[in-house]
Amino acid sequence: MDSGNHQIPENANEHCPGSQSEEAGKADACAGCPNQQICATAPKGPDPDLVTIAERMATIKHKILVLSGKGGVGKSTFAAQLSFALAEMDSQVGLLDIDICGPSIPKMLGLEGQDIHQSNLGWSPVYVESNLGVMSIGFMLPNPDEAVIWRGPRKNGLIKQFLKDVDWGELDYLVVDAPPGTSDEHISIVQFLQATGIVGAIIVTTPQQVSLIDVRKEISFCKKVGIQVLGIVENMSELRQSISDFRFVKSTESGHENDVTEWALSYIRSNAPELLSVISCCEVFDSSRGGAAKMCAEMRVPFLGKVPMDPHLCRAVEEGRSCFTDQKCTVSAPALRTIIEKLVSSCQ
Ligand SMILES: Nc1ncnc2c1ncn2[C@@H]1O[C@H](COP(=O)(O)OP(=O)(O)OP(=O)(O)O)[C@@H](O)[C@H]1O
């Protein structure tokens, strides 16, 4: 964007009315412009609430967005485990869930069924530990099974309220878990937070092209709105499992399956015990076209690393626990830790 009053994006069409104009995204000149949708839906004009947000955010050192192109790639899992890890490093951490239509953070942090409390300082986050507070619309829903069917302005309003009214106190890190894609929530969070300084965004993906195509769009969104891409995390790179976690089945002639796990494991224990320390690696999502690492080189953004698919991580997430204190997460926790250490050093 240009720094003048008109806020004309660099790649705008000729006769662009400016992204802050009432005509933004709607004028004839906007037809076919790559920014048309963003301009049409973004709030316009100076917003007095931005001052209140800036005051709230003044006590927060590092704000990090966690994004993904597609849903189901492990973005909330990463945001949750990143928050656990930062808190375990003795940082003061806040985790803000702005996935308004599908808030999974309360469950992933073991906080299902908790309520938000209000004090004269604002809304209090729900605390996992004294140094890890969480805020999510999930705490406000009377019935977790009920769909949240909100249009952009209402989502925008709640995100603004989260930023204005939550009393985080002093934080080293505020991790923001966004919904997949580049929609109203993303435009709002960037618009409200950008002036207060966002360290950057982490984008989570799986290795196959179907997911990576959308990551390219996410990177392009970050570039357009001026958010630094801290790096890409390739999640579920391959399935890694120890043989002792296998379930063995044998099909019978009648088409049924018998569970023969006990028999198979006792056979291995007696005849080839060294196999019990072997980890099986199996590619689930096709990465033959180079996966996230190749895309990062092409798009000139940092590649942070790979996290294998680990059934023990999935279980820890289901139970709202940190994988770093789970002795069984032996394949995922070290990979996540390496990535998080890189991130922490890039925030210094
Ligand atoms: N590395 C992994 N190994 C095993 N399971 C994983 C891994 N990463 C994520 N999962 C599991 O995959 C499922 C989807 O993850 P998650 O909800 O974090 O995705 P998401 O990208 O945030 O999805 P959405 O944006 O649609 O909410 C969860 O059950 C999670 O436990």
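Being a predicted model, the structure only gives us computed values, none of them experimental.

Helix and strand counts for the chain stand at eleven helices and 13 strands. Its C-alpha radius of gyration of 23 Å places the chain within 12% of the 20 Å reference for a compact globule of 348 residues. By principal-axis analysis of the C-alpha atoms, the chain measures approximately 75 × 50 × 45 Å. Going through the 348 residues of the chain one by one, you find that 47% of them count as buried. Within the chain, residue pairs in contact and separated by at least 24 positions form 73% of the contacts whose partners lie at least 6 positions apart. Carbon together with sulfur atoms contributes 50% to the accessible area of the chain, which is approximately 17,300 Å² in total. One way to put it: in the chain the 30 positive side-chain charges average out to a point 4 Å from where the 43 negative ones average out.

Attention now goes to the UniProt feature "binding site: ATP" (unreviewed entry) in the chain. When the UniProt feature table is mapped to this numbering, "binding site: ATP" (unreviewed entry) covers Gly-69, Lys-70, Gly-71, Gly-72, Val-73, Gly-74, Lys-75 and Ser-76. Tracing the chain through its elements places Lys-70 in the loop between strand S1 (60–68) and helix H3 (75–88). Those residues in contact with Lys-70 that lie beyond four places of it in its chain are Pro-180, Val-210, Ser-211 and Asp-214. Structurally, the position occupied by Lys-75 is in helix H3.

Another point: the packing of aromatic side chains. Inspection of the entire model under this criterion finds three aromatic pairs. Ring geometry for Trp-123 and Phe-162: centres 6.0 Å apart, planes at 75 degrees, overall edge-to-face. In this pair, Trp-123 sits in strand S4 (residues 122–124) while Phe-162 sits in helix H5 (residues 152–165), placing the two residues 39 residues apart along the sequence. Take Trp-123 and Phe-162: they sit in the same class, and that class is buried. For the pair Phe-246 and Phe-248, a centre-to-centre distance of 5.7 Å together with 45 degrees between the ring planes defines the contact as tilted.

This part is about the site of the ligand. Neighbouring the ligand are 18 residues, the closest being Gly-72, Ser-76, Thr-77, Asn-235 and Asp-310. Gly-72 places a main-chain nitrogen or oxygen 2.8 Å from an oxygen atom of the ligand. Contacts to the ligand include Val-73, whose backbone N or O atom sits 3.0 Å from an oxygen atom. Bound to the protein, the ligand loses 81% of the 630 Å² it would expose on its own. For the shell around the ligand, the secondary-structure elements that each account for two or more residues are H3, strand S9 (229–242), strand S13 (303–309) and helix H10 (311–318). Classifying every residue of the shell around the ligand by side-chain character gives nine nonpolar, six polar and three charged.

Turning our eyes to something else, we now look at the packing of helix H2 (residues 49–57) against helix H6 (residues 184–193). Between H2 and H6, whose axes approach to 9 Å, the crossing angle comes to 75 degrees. In terms of their interaxial angle, H2 and H6 are classed as roughly perpendicular. Contacts from Leu-50, Ile-53 and Met-57 in H2 reach Gln-191, Phe-192 and Leu-193 in H6. Among the residues forming the contact of H2 with H6, the class breakdown is five nonpolar, one polar and no charged.

Tallied over the full model, the rule gives 14 salt bridges. Lys-160 is the partner of Asp-49 in a salt bridge, and the nearest nitrogen-oxygen pair spans 3.1 Å. Residue Asp-49 is found in helix H2, and its partner Lys-160 is found in helix H5; the two are separated by 111 residues along the sequence. With relative accessibility at 21%, the residue Asp-49 sits in the partly exposed group. For Lys-160, a relative accessible area of 17% translates into the label buried.

Another point: the environment of Arg-269. Tracing the sequence through the fold places Arg-269 in helix H8 (residues 261–271). Between the C-alpha atoms of Arg-269 and Ser-244, which are 25 residues apart in sequence, the distance is 9.8 Å.

Basis of the calculations
Residues numbered from 1 in each chain as written. Predicted model: local features only at pLDDT ≥ 70, side-chain atom pairs only at ≥ 80, totals over all residues. Heavy atoms only, no water. Helix = DSSP H or I, 4+ residues; strand = E, 2+ residues; numbered from the N terminus. Rg over C-alpha atoms; globule rule 2.2 N^0.38 Å. Buried < 20%, exposed > 50% of the residue type's maximum accessible area, 1.4 Å probe, protein only. Contact = heavy atoms within 4.5 Å. Areas by Shrake-Rupley, 256 points an atom, 1.4 Å probe, with all protein chains shown as cover. Lys, Arg positive; Asp, Glu negative; His and termini not counted. Charge placed at Lys NZ, Arg CZ, Asp CG, Glu CD. UniProt positions renumbered as here; feature names shortened; annotations may be inferred. Phe/Tyr/Trp six-rings, centres within 6.5 Å; stacked < 30°, edge-to-face > 60°. Near = heavy atom within 4 Å. Polar contact = N/O pair within 3.5 Å; in protein donor to acceptor, adjacent residues only side chain to side chain. Nonpolar A, V, L, I, M, F, W, Y, C, P; charged D, E, K, R; others polar. Axes fitted to C-alpha atoms, helices over the stretch in contact; angles between N-to-C directions. Parallel < 35°, antiparallel > 145°, perpendicular 65-115°, else oblique. Salt bridge = Lys/Arg side-chain N within 4 Å of Asp/Glu carboxyl O.

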